[in-house]
Amino acid sequence: MNLPTKLPLSLALVSIGLVLTACGGGSGGGNSAPSSSKTSAISSSTAVSSIAPSSTPASSSSSVQPSSSSTQTTSSSSAATIATCTVDGKQWNICVTDNNNWGFEAGSYCIAQSFCPDNRTQFPSLDTRDTPVDAAASTKTKTIYSYLKSIWGQKTLAGQQDVTWKDDIDMAQRVFNDTGKYPALMGYDFMNYGMTESWVQGLNQTEEAIAHANNGGLVTFAWHWRDPALLNTSNVNSANFYVRESDASKNTDFIIPVINGALDTNSPAYSQLNAGIDLIAEELKKLADANVPILWRPLHEASGYKGDGWFWWGRTRTDGVPQAFAQILLWRHMYDRLVNHHGIHNLLWVWNGQNAAWYPGDDYVDIVSHDIYDNTDNKAYKSQIAIYDQARKYPAENKMVALSENSYIPDPDKIAADNAWWLWFMTWNDSNFDQTTQASGTHADNFWSGDYYNTSAHKTKVYNHTNVITLDELPDFDLPK
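Residues numbered from 1 in each chain as written. Predicted model: local features only at pLDDT ≥ 70, side-chain atom pairs only at ≥ 80, totals over all residues. Heavy atoms only, no water.

Next up on the list: the overall build of the chain. The helix and strand tally for the chain stands at 11 helices and 17 strands. A total of 481 residues make up the chain; the buried ones form 61% of that total. Put simply, 72% of the contacts in the chain that link residues at least 6 apart link residues at least 24 apart. Total accessible area on the chain is roughly 16,700 Å²; 48% of this is exposed by carbon and sulfur atoms. (Helix = DSSP H or I, 4+ residues; strand = E, 2+ residues; numbered from the N terminus. Buried < 20%, exposed > 50% of the residue type's maximum accessible area, 1.4 Å probe, protein only. Contact = heavy atoms within 4.5 Å. Areas by Shrake-Rupley, 256 points an atom, 1.4 Å probe, with all protein chains shown as cover.)

It is worth spelling out the sheet that holds strand E4 (residues 90–94) at this point. Ordered by their spatial adjacency, four strands build an open sheet running E3-E4-E6-E5, and the pairing between neighbours is mixed. Bordering the open sheet on either side are strand E3 (84–87) and strand E5 (102–105), each of which pairs with just one other strand. Averaged over neighbouring strand pairs, the angle between their axes works out to 55° when direction is ignored. (Pairing = 2+ DSSP bridges. Axes fitted to C-alpha atoms, helices over the stretch in contact; angles between N-to-C directions.)

Where a strand is regular, its side chains alternate between the two sheet faces. Counting buried positions along strand E8 (residues 185–189) gives five out of five residues, so the element sits mostly inside the fold. The two faces of E8 match: Leu-185, Gly-187 and Asp-189 on one face and Met-186 and Tyr-188 on the other face are all buried. Sheet topology note: the strand E7 (residues 156–161)/E8 ladder contains three bridges and is parallel. Each residue of the ladder has a partner; that of Gln-160, found in E8, is Met-186. Once you follow E7 into helix H3 (residues 171–179) and on to E8, the crossover reads as right-handed. (Right-handed = clockwise from strand over helix to strand, strands pointing away.)

Here the focus is the packing of helix H6 (residues 268–289) against helix H7 (residues 323–341). It is at 10 Å that the axes of H6 and H7 come closest, and there the two elements cross at 50°. Classed by the angle they form, the pair H6 and H7 counts as oblique. Crossing handedness for the pair H6 and H7: right-handed. Two secondary-structure elements touch here, H6 through Tyr-270, Leu-273, Asn-274, Ile-277, Asp-278, Ala-281 and Leu-284 and H7 through Leu-330, His-333, Met-334, Arg-337 and Leu-338. By residue class, the composition of the contact of H6 with H7 is eight nonpolar, two polar and two charged. (Parallel < 35°, antiparallel > 145°, perpendicular 65-115°, else oblique. Left-handed = near helix turned anticlockwise from the far one by under 90°. Nonpolar A, V, L, I, M, F, W, Y, C, P; charged D, E, K, R; others polar.)

Okay, the packing of aromatic side chains next. The full count for this structure, using the stated rule, is 31 aromatic pairs. For the pair Phe-190 and Tyr-193, a centre-to-centre distance of 5.2 Å together with 90° between the ring planes defines the contact as edge-to-face. Judged by its relative accessible area of 0%, Phe-190 falls in the buried class. In this structure Tyr-193 comes out as buried when scored by relative accessible area, which is 7%. Where Trp-448 meets Tyr-463, the ring centres are 5.6 Å apart and the plane angle is 80°; that geometry is what we call edge-to-face. (Phe/Tyr/Trp six-rings, centres within 6.5 Å; stacked < 30°, edge-to-face > 60°.)

This brings us to the state of the cysteines. Under the defined criterion, the tally for this structure stands at two disulfides. A sulfur-sulfur separation of 2.1 Å characterises the disulfide bridge that pairs Cys-85 with Cys-116. With the S-S bond torsion at 95°, the cross-link from Cys-85 to Cys-116 turns out right-handed. You can see Cys-85 sitting in strand E3 and its partner Cys-116 sitting in the loop between strand E6 (108–111) and helix H2 (139–151), a full 31 residues away along the chain. Taking the relative accessible area as the measure of exposure, Cys-116 reaches 3% and is therefore buried. Between Cys-95 and Cys-110 runs a disulfide, and the two sulfur atoms are separated by 2.1 Å. Measuring the twist about the S-S bond at about 100°, one finds the Cys-95-Cys-110 disulfide to be right-handed. Highlighted residues: Cys-95 in the loop between E4 and E5 and Cys-110 in strand E6, separated in sequence by 15 residues. Per residue, the accessibility class of Cys-95 equals that of Cys-110, and both read buried. Across the chain, the way the bonded cysteines pair up, counted in sequence order, is 1-4, 2-3. (Disulfide = S-S within 2.5 Å.)

Let us look at the pattern of salt bridges. What the rule picks out here adds up to 18 salt bridges. Note that Glu-405 is salt-bridged to Arg-297, the shortest N-O span being 3.1 Å. A residue pair is termed long-range when its members are at least 10 positions apart, and Glu-405 in strand E15 (residues 400–406) and Arg-297 in strand E12 (residues 294–297) qualify at 108 residues. With respect to burial, Glu-405 and Arg-297 carry one shared label: buried. Of the charged contacts in the structure, one is a salt bridge between Asp-411 and Lys-461, with a shortest N-O distance of 2.9 Å. Within this pair, whereas Asp-411 is found in the loop between E15 and helix H9 (412–418), its partner Lys-461 is found in helix H11 (residues 456–463), the two being separated by 50 residues in sequence. Residue Lys-461 is classed as partly exposed on the basis of its relative accessible area of 31%. (Salt bridge = Lys/Arg side-chain N within 4 Å of Asp/Glu carboxyl O.)

What follows deals with H11. For an α-helix the count is 3.6 residues per turn, leaving residues at separations of three or four pointing the same way. Along H11, the positions that sit buried rather than exposed are His-458, Lys-459, Val-462 and Tyr-463. Down the axis of H11, the buried set is contained in an arc of 120°. They therefore lie on one face. Of the exposed residues in H11, those oriented more than 90 degrees away from the buried face are Ser-456 and Ala-457. Check the buried side of H11 and you find it contacts E7, H3, H9, strand E16 (424–427) and strand E17 (468–469). (Arc of directions from axis to C-beta.)

It is worth spelling out the nonpolar core at this point. Leu-148, Trp-225 and Trp-296 are the most contacted members of the largest nonpolar core, which totals 123 residues. In terms of residue count, the dominant contributor to this core is H7 (11 residues). Leave out the neighbours within four places in its chain, and Trp-296 touches Phe-190, Phe-221, Ala-222, Trp-223, Ile-280, Leu-284, Met-334, Leu-338, Leu-347, Leu-348, Trp-349 and Val-350. In terms of nonpolar packing, the next biggest core, distinct from the first, is built from six residues, Tyr-408, Trp-428, Phe-447 and Tyr-453 among them. (Core = buried A, V, L, I, M, F, W, Y, C linked by side-chain atoms within 4.5 Å.)

Interpretation note: all reported values are geometric properties and have no functional meaning in isolation.
Here is the structure:
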């Protein structure tokens with residue numbers, strides 16, 4: 001099948017040479033198979049952050065509420081009219097009331113002084129929470145959270161991404177064949193859920209995740225959320241998630257509906273968002289019923305390249321609404337709908353926005369993560385300490401930090417030496433299905449098989465390293481709900 005290219009290669013490298021890509025996804029139209037390429041794009045931001053905690057999640061999260069933190073401050077009116085903050089190349093006024101996030105005052109969007117990336121340069125000052133942000137999290141979910149907290153700073157979980165759109169590819173087995181060990185953490189994706197064509201694959205991700213968990217493993221899910229306007233219609237097989245593909249047929253025009261600083265609850269788009277969340281809620285409930293906690297990573301890579309998202313949940317807007325603010329509104333609404341409306345309590349919330357100004361708040365995030373595809377690594381297997389430290393500074397609380405997608409696997413010895421303690425790594429999948437090319441080990445779309453990124457010696461070292469936890473080394477999480 002034709003595997004279309006994912007994104008145009010029109011971007012230059014940042015000075016530190018880190019190159020991020022939108023994670024592999026697919027087109028949805030016609031009989032074409034999903035795109036497998038991990039085409040390069042620049043790191044979205046080098047901003048860092050240390051902000052005060054956001055308020056406790058309310059029953060409705062359609063708007064960003066002012067913080068109840070004792071660190072809340074108020075700027076003078078004169079300062080608010082002249083002071084600005086640069087976010088993704090745009091200037092925004094400083095809010096009069098500092099709510100530790102974006103705001104909407106006197107009919108205009110603004111950003112809190114404390115939330116401006118230029119003012120967020122310190123490591124977090126508050127301790128890591130003892131429990132998940134969802135106070136009603138299941139017993140097993142809380143147990144896994146406690147376990148993750150106990151190993152952070154000492155060990156790294158070995159993770160491998162499944163091939164969402166090719167059911168007969170067993171990435172966990174490929175890892176075992178090469179290293180003699182299985183990954184502790186497997187990555188899955190709800191990308192094709194809702195699609196109906198006979199050629200569609202990847203609709204057994206829930207069952208595969210349950211099987212891995214039943215074998216003692218940990219599970220993470222992402223969601224390449226296809227166009228919500230089409231997702232529950234007869235045109236679902238044409239639904240996509242890109243906004244700036246070179247092939248316009250792979251794009252979507254969907255935009256997060258925002259009015260007067262809140263989600264527009266009267267718009268058709270709002271109902272379509274809810275229908276999409278409800279669709280995936282049914283899968284998350286199946287996982288909850290099977291007592292499988294999920295490291296839940298929705299709205300991933302939201303900020304794209306310098307605030308110009310490659311997915312609709314981070315697209316550039318023309319209505320004056322900061323796209324970072326729109327993403328925060330959607331993240332908080334998704335949290336509210338899944339946790340409070342649907343009563344789903346097996347989720348640990350992994351935020352992957354990759355930009356300080358897009359952070360939704362400490363009360364909505366358990367773990368911060370970053371995706372790294374470093375085209376300059378050249379098999380040095382660097383620890384990626386700069387990005388690790390950047391990610392650590394997004395929240396005010398000390399949040400665990402994970403490497404949620406990678407090409408080169410950081411050397412465990414360099415992780416320890418640099419104190420870049422990624423909670424896990426998640427090597428992307430093999431996406432070139434030609435057996436000859438795969439065997440040659442020279443195809444850039446095969447992130448595990450072959451040695452284009454990670455040599456056999458390096459993979460063996462990583463999976464047998466004392467600081468790396470594999471499936472056989474996980475404790476027994478088989479506890480009551």
